[in-house]
Structure formats: C-alpha cells, structure tokens
Amino acid sequence: MAYVIGDSCVACGACEAQCPVGAISMGDGKFEIDADKCIDCGSCAGQCPVGAISEGE
C-alpha cells in the first residue's frame, strides 16, 4: 500500500525532493502521493518535519 500525506501537511516540500520516483506533487493546499507511482520505500516519511506521512491502509 502506498504512503499517504495527512491533513497536518504544512506544504514545506521536504518530501517531494526526497521521493526517488517522483510520486509526490503539490495538490490542493498540501502535497499528495500518487499511489500508482509510490514504491513504498518510506523515504518521504523520514523527511516530514510534522509527521504527516504514514503508510496507507
């Protein structure tokens, strides 16, 4: 299951730069992860300063 970015996202962009497959882009007021591109590596979650990224269900 792909990682997801929750509502606590502060749109800092730290996660986008960390994604090795370019699955993260700016959405409607927060960043979003394209589940079809996400390879479940978790690199983005480690970079989020507010802990807004978690494994999807």
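Residues numbered from 1 in each chain as written. Predicted model: local features only at pLDDT ≥ 70, side-chain atom pairs only at ≥ 80, totals over all residues. Heavy atoms only, no water.

Per an unreviewed UniProt entry, the protein chain carries the name Ferredoxin and comes from Candidatus Acetatifactor stercoripullorum. Recorded under Cofactor (unreviewed entry), the UniProt text for the protein chain is reproduced unchanged: "[4Fe-4S] cluster". Word for word, the UniProt comment on the protein chain under Function (unreviewed entry) is "Ferredoxins are iron-sulfur proteins that transfer electrons in a wide variety of metabolic reactions." (UniProt positions renumbered as here; feature names shortened; annotations may be inferred.)

## Focus on the side chain of Lys 30
Position of Lys 30 relative to the elements: it lies in the loop between β2 (24–26) and β3 (31–33). Those residues in contact with Lys 30 that sit more than four places away from it in its chain are Ile 5, Gly 6, Asp 7, Cys 9 and Ser 25. (Helix = DSSP H or I, 4+ residues; strand = E, 2+ residues; numbered from the N terminus. Contact = heavy atoms within 4.5 Å.)

## Quick word on the environment of Ala 35
Tracing the sequence through the fold places Ala 35 in the loop between β3 and α2 (43–47). The class for Ala 35 is exposed, based on a relative accessible area of 52%. For Ala 35 and Ala 23, which are 12 residues apart along the polypeptide, the C-alpha to C-alpha distance reads 7.5 Å. (Buried < 20%, exposed > 50% of the residue type's maximum accessible area, 1.4 Å probe, protein only.)

## Some thoughts on the nonpolar core
Judged by nonpolar contacts, the single largest core of 15 residues is most densely connected at Ile 5, Cys 15, Ile 24, Ile 33, Cys 44 and Ile 53. Secondary-structure elements contributing two or more residues to this core are β1 (3–5) and β3. Not counting residues within four places of it along the chain, the set of residues in contact with Ile 5 comprises Cys 15, Ile 24, Lys 30, Phe 31, Glu 32, Ile 33, Ala 52 and Ile 53. (Core = buried A, V, L, I, M, F, W, Y, C linked by side-chain atoms within 4.5 Å.)

## Quick look at unusual backbone geometry
Phi at Ala 11 takes a positive value of approximately 55°, unusual for a residue other than glycine. Along the chain, Ala 11 falls in the loop between β1 and α1 (14–18). The class of Ala 11 is partly exposed, set by a relative accessible area of 32%. With phi around 60°, Asp 40 is a residue other than glycine that occupies positive phi space. As for its placement among the helices and strands, Asp 40 is situated in the loop between β3 and α2. Of the residues examined, Asp 40 reaches a relative accessible area of 37% and is grouped as partly exposed.

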